[in-house]
Amino acid sequence: MAETTTETTATTATTATGSSPVEATTASARTPRRRRFRGILVPLWLGYVFLYLPILVVVAMSFNDSENLFVWRGFSLRWYPEVFADGALMQGLGNTLVVATGATAIATVLGTLLAYGIQHYTRGGFVRAFAIAPAILPDLLLGIGLLTLFALLGVTLGLHSVILAHGVFATAFVTAIVLARMASIDPSLEEASRDLGAGPVRTFLRVTLPQLAPGIVAGALLAFTLSLDEFVIAFFTTAPTQPTLPIVIYSMVRFGVTPEVNALATLLLFVSVVTVIAAQRLTRLTGSSK
């Protein structure tokens, strides 16, 4: 009798909603599953809070009028002008911009040519994986390896050694992005260019390179951002008299975080976020043009 009543109720609900009994049963089974999956998102949001809450605190305290980082005395922009008045910070910023510009130029050229060669003249994944390996290796291992190489070659440390080291590190990222872009290019366009009499160099400059432009720019922006914020490799490959900005900040925070450091970190965060967003938009253009 109970089973008959249940079937009658299900049939009535099905008639009212216009769906079959199987669909009604499936819909009723989906509800607890959805609630279960929402519970899984709790550790994800806790991880986001753990990662980004300290960054938000640094940004908020950069606008604190007090010299005491743990006492809020009101909103103020007083620490931002003091960042540009600090000679050590400005020297480190200048060195960092020189290093980032040079490393970006090296990584962009080498990464683009390496991606083109891998796509056209290699088979299998070994060479591709070997080219992207510096992006996967720990920074500590890469920094020690480059320092040992410079010592064996008798290269004196300075900004030039940091530029070379960052260029090696960033080339892997540029290669990966340009390879992703090349996967979306129609190879028949290059074949048509050769059939019309253009040589390999002219085909690359007039046909391939314009199509690779969004990926190349995205890789260059990412390389610049990585070099701007990189600390470990620069720590092993620079001279003590020519520190980059992350090294200057490290030497300052060993004795305590000052409001100037919070303001500088906020500025670096803003530049990094804007650059990464620009690179991501260009990467989306790379995928949408396929």
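Here the residue index of a chain counts from 1 through its sequence in written order. Selection of residues for local features in this predicted model requires a pLDDT of at least 70, selection of side-chain atom pairs for listing and counting requires 80 or more, and totals for whole chains, interfaces and linings are taken over all residues. No hydrogens and no water enter the side-chain calculation; it runs on all heavy atoms of the structure.

Looking at the overall build of the chain
Note the threshold: Elements are defined by DSSP. Helices are runs of H or I of four residues or more, strands are runs of E of two residues or more, and each kind is numbered from the N terminus. A 1.4 Å probe rolled over the protein chains alone gives each residue an accessible area, and that area as a share of the maximum for its type sets the label: buried under 20%, exposed over 50%, partly exposed in between. By the convention used here, residues are in contact when the closest approach between their heavy atoms is within 4.5 Å. For every accessible area listed, the method is Shrake-Rupley and the probe measures 1.4 Å; residues are considered covered only by the protein chains on display.
Counting secondary structure elements, the chain contains 12 helices and 0 strands. Taken from the N to the C terminus, the helices and strands of the chain come in the order α-α-α-α-α-α-α-α-α-α-α-α. With 290 residues in all, the chain has 34% of them scored as buried. Once local pairs closer than 6 in sequence are excluded, the contacts in the chain between residues at least 24 apart make up 73%. When the accessible area of the chain is evaluated, it comes to approximately 17,500 Å², of which 71% is carbon and sulfur surface.

Regarding the side chain of Glu 190
Along the polypeptide, Glu 190 turns up in helix H8 (residues 187-195). Other than its neighbours up to four places away in sequence, Glu 190 contacts Tyr 116, His 120, Thr 203, Val 207 and Thr 208.

What to know about the confidence of the model for the chain
To be explicit about the condition: Every residue is assigned a pLDDT by the predictor, reflecting its confidence on a scale from 0 to 100.
The predicted model of the chain averages 81 in pLDDT, with 83% of residues at 70 or higher. Of the regions scoring below 50 in pLDDT, residues 1-19 engages in 4 contacts with residues more than four places distant in sequence or in other chains. In the model, residues 21-29 has pLDDT below 50 throughout and makes 2 contacts with residues more than four positions away in sequence or in other chains.

Let's talk about the pattern of salt bridges
In plain terms, the rule: A carboxyl oxygen of Asp or Glu within 4 Å of a side-chain nitrogen of Lys or Arg is what we treat as a salt bridge.
Under the definition given, this model contains 2 salt bridges. Residue Asp 65 is joined to Arg 78 by a salt bridge in which the shortest nitrogen-to-oxygen separation is 3.9 Å. Of this pair, Asp 65 sits in the loop between helix H2 (21-61) and helix H3 (79-85) while Arg 78 sits in the loop between H2 and H3, placing them 13 residues apart in sequence. Relative accessible area serves as the criterion here: at 32%, Asp 65 is assigned to the partly exposed category. Measuring nitrogen to oxygen at the nearest pair gives 3.8 Å for the salt bridge that ties Arg 194 to Glu 190. Separated by 4 residues within a single helix, Arg 194 and Glu 190 lie in helix H8, roughly one turn from each other. The class for Arg 194 is partly exposed, based on a relative accessible area of 38%.

Points about the packing of helix H4 (residues 87-121) against helix H9 (residues 200-229)
Keep this limit in mind: All axes here are fitted lines through C-alpha atoms, helices being fitted over the stretch that makes contact, and every angle between N-to-C directions spans 0 to 180 degrees. By the definition used in this description, the sense in which the near helix is turned from the far one sets the handedness, with an anticlockwise turn below a right angle giving left-handed and a clockwise turn giving right-handed. For this classification, the nonpolar set comprises Ala, Val, Leu, Ile, Met, Phe, Trp, Tyr, Cys and Pro, the charged set comprises Asp, Glu, Lys and Arg, and every other residue, Gly included, is treated as polar.
Remark: H4 packs on H9, axes separated minimally by 8 Å, with the N-to-C direction vectors making an angle of 140°. Here H4 and H9 pass one another in a crossing that is right-handed. Residues Thr 96, Leu 97, Val 99, Ala 100, Thr 101, Ala 103, Thr 104, Ala 107, Thr 108, Thr 112, Leu 113 and Tyr 116 of H4 pack against Phe 204, Thr 208, Ile 216, Ala 220, Ala 223, Phe 224, Ser 227 and Leu 228 of H9. Tallied by class, the residues present in the contact of H4 with H9 amount to 13 nonpolar, 7 polar and no charged.

What to know about the nonpolar core
The line we're drawing: What we call a nonpolar core is a set of buried Ala, Val, Leu, Ile, Met, Phe, Trp, Tyr and Cys residues that are connected through their side-chain atoms within 4.5 Å.
Residues Ala 107, Ala 115, Val 174, Val 178, Met 182, Leu 212 and Ala 223 are the most contacted members of the largest nonpolar core, which totals 15 residues. Mapped onto this core, the elements with two or more residues apiece are H4, helix H7 (159-182) and H9. The element contributing the most residues to this core is H7, with 5 residues. Apart from residues no more than four positions distant in its own chain, Val 174 is found in contact with Ala 107, Thr 108, Gly 111, Thr 112, Gly 219, Ala 220 and Ala 223. Within the second largest apolar cluster, 12 residues are counted, among which are Leu 228, Val 248, Ile 249 and Val 261.

A short note on the side chain of His 166
For clarity, the cut-off: For this analysis, a polar contact is any N or O atom pair within 3.5 Å, provided that within protein one partner can donate a hydrogen and the other can accept it, and provided that sequence-adjacent residues contribute only side-chain to side-chain pairs.
For His 166, the position within the fold is in helix H7. His 166 gets classed as buried once you look at its relative accessible area, which sits at 2%. Of note is the side chain of His 166, whose polar atom sits 2.8 Å from the side chain of Ser 227. Not counting the four nearest positions on each side in its chain, His 166 is found in contact with Val 99, Ala 103, Ser 227, Glu 230, Ile 233 and Ala 234.

Overview of the packing of aromatic side chains
Selection rule: Pairing of aromatic rings covers Phe, Tyr and Trp, the last through its six-membered ring, and needs centres within 6.5 Å; plane angles under 30 degrees mean stacked, over 60 mean edge-to-face, and all others mean tilted. Definition used: whenever NZ (Lys) or CZ (Arg) falls within 6 Å of the ring centre and also within 35 degrees of the ring normal, the charge is taken to sit over that ring.
Inspection of the entire model under this criterion finds 12 aromatic pairs. With a centroid separation of 5.3 Å and 15° between ring planes, the pair formed by Phe 63 and Phe 75 is classed as stacked. Taken together, the positions of Phe 63 in the loop between H2 and H3 and Phe 75 in the loop between H2 and H3 put the pair 12 residues apart, joining distant regions of the chain. Note on Phe 75: relative accessible area 59%, which makes it exposed. Judged by centre distance (5.6 Å) and plane angle (35°), the rings of Phe 231 and Phe 235 are tilted. For Phe 231, a relative accessible area of 25% corresponds to the partly exposed category. Taking relative accessible area as the criterion, Phe 235 reaches 42% and is therefore assigned partly exposed. Members of the aromatic cluster, joined through ring pairs, are Phe 231, Phe 235, Phe 236 and Tyr 250. Here Arg 78 stacks its cationic end above the ring of Trp 79, 4.0 Å away from the centre of that ring.

Details of a nonpolar patch on the surface
Rules: A patch consists of residues whose relative accessible area exceeds 30% and which take part in no salt bridge; residues with like charges are grouped when within 9 Å of each other, and nonpolar side chains (Val, Leu, Ile, Met, Phe, Trp, Tyr) when within 5 Å.
A cluster of nonpolar residues, Leu 41, Leu 44, Trp 45, Tyr 48, Phe 50, Leu 51, Tyr 52, Ile 55, Leu 269, Val 273 and Ile 277, forms a patch on the protein surface that exposes about 1,100 Å² of accessible area. At the level of elements, H2 and helix H12 (259-288) are the ones that each hand at least two residues to the nonpolar patch. Looking at the nonpolar patch element by element, the count peaks at 8 residues for H2. Inspection of the secondary structure puts Trp 45 in helix H2.

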